[in-house]
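Working through the structure, step by step
Here's the letter readout for the chains.
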Amino acid sequence: MQDSCQCFQHDCVASSTTSRRQFLRHLVGAGVLTTALTIAPASARAEKKVPKALVLSCIDYRILEAERYFLSLQNLGGQYDFTALAGASLALSGMPHQYDAEAFWDQLDISYRLHQIKKVLILDHQDCAVYKYKIDPSLADNPELELSTHTEYLSRAYWAIRERYPDLNIELYFVNLNTDVKQISPLAKVA
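Predicted model, so just to flag it, every value in this text is computed and none were measured. (Residues numbered from 1 in each chain as written. Predicted model: local features only at pLDDT ≥ 70, side-chain atom pairs only at ≥ 80, totals over all residues. Heavy atoms only, no water.)

1. Details of the confidence of the model for the protein
For the record, the criterion: Residue-level confidence of the predictor is what pLDDT reports, using numbers from 0 through 100. Every residue pair with non-hydrogen atoms within 4.5 Å of one another is taken to be in contact.
The predicted model of the protein averages 83 in pLDDT, with 75% of residues at 70 or higher. Across residues 26-40 the pLDDT falls below 50, and counting only partners more than four positions away or on other chains, this stretch makes 16 contacts in the model.

2. Focus: unusual backbone geometry
Counted only if it meets this: Working definition: helices are DSSP H or I runs of at least four residues, strands are E runs of at least two. Numbering for both runs from the N terminus. Only protein chains enter the accessibility calculation, which uses a 1.4 Å probe; a residue whose area is less than 20% of its type maximum is buried, one above 50% is exposed, and one in between is partly exposed.
Unlike most non-glycine residues, N75 shows phi in positive territory, near 60°. Along the chain, N75 falls in the loop between α4 (64-73) and β4 (80-84). Exposure remark for N75: the relative accessible area of 61% places this residue in the exposed category. Positive phi values are uncommon outside glycine, yet A88 reaches one of about 45°. Within the secondary structure layout, A88 lies in the loop between β4 and α5 (89-92).

3. Some thoughts on the pattern of salt bridges
In plain terms, the rule: Salt bridge, as used here, is a side-chain nitrogen of Lys or Arg placed within 4 Å of a carboxyl oxygen of Asp or Glu.
By the definition in use, this model includes seven salt bridges. Notably, a salt bridge pairs K132 with D127, separated by 2.6 Å at the nearest N-O pair. The partner of E152 in a salt bridge is R156, with the nearest N and O atoms 2.5 Å apart. Of the two residues, E152 and R156 are both situated in helix α8 (residues 143-164); the distance of four residues between them amounts to about one turn of the helix. On the basis of relative accessible area, E152 is assigned to the partly exposed category, the value being 32%. Through salt bridges that share partners, D60, R62, D127 and K132 make up one connected network.

4. Observations regarding the packing of aromatic side chains
Using the following cut-off: Stacked, edge-to-face and tilted are the three classes for Phe, Tyr and Trp ring pairs, Trp counted by its six-membered ring, which pair at centre distances within 6.5 Å; planes under 30 degrees apart are stacked, over 60 edge-to-face, the rest tilted. Consider the ring centre and the ring normal. A charge sits over the ring if Lys NZ or Arg CZ is within 6 Å of that centre and within 35 degrees of that normal.
Overall, the coordinates contain five aromatic pairs when judged by the stated rule. Between F70 and Y173, the ring centres sit 4.7 Å apart and the planes meet at 65°, which makes this aromatic pair edge-to-face. Taken together, the residues F70 in helix α4 and Y173 in strand β6 (residues 169-175) connect sequence positions 103 residues apart. With a relative accessible area of 4%, Y173 lands in the buried category. Both rings, one in Y158 and one in W159, keep their centres 4.9 Å apart while their planes meet at 85°; by these two values the pair is edge-to-face. Just above the ring of Y153 sits the side chain of R156; from NZ or CZ to the centre is 4.4 Å.

Listed below in structure tokens is the structure:
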């Protein structure tokens, strides 16, 4: 089986070595977004809901329902762009892979430019396998250390976003597996 595809309006080839960024650019350039909008029911197009925020979450299925419920309580009413990357805030530091950070910055730029979002919410969670894999296999065994480690990476993400998008509000959260969501205050920026 060949690991490539031809974009239908361009002479580009997406292969296994093509980055997510390049692939997304080709898709947008190929009119996929335009096509999706034109085939949507007229009632869906007429609503004109505008995303208020970009949400960055981990890919872990265990927290998705709790996050959706929490986001509804934040008066976002489904009006947010959603990006899921393994490790959430850890992904912005280039772990587990640098292209995860690039994918986030691309998604944030698209959300900011096209949807004029005003806010970014980052939701890390308890017992994250990526944090165990990249930081400490026993991290979840020590709740205080786990929270302080997530707070450190959430804070790094906060300052990185603040540097590139100073006008955006940034909210940081830690989701426990029992569905409690705790807001995290960013640590002071380290020089």
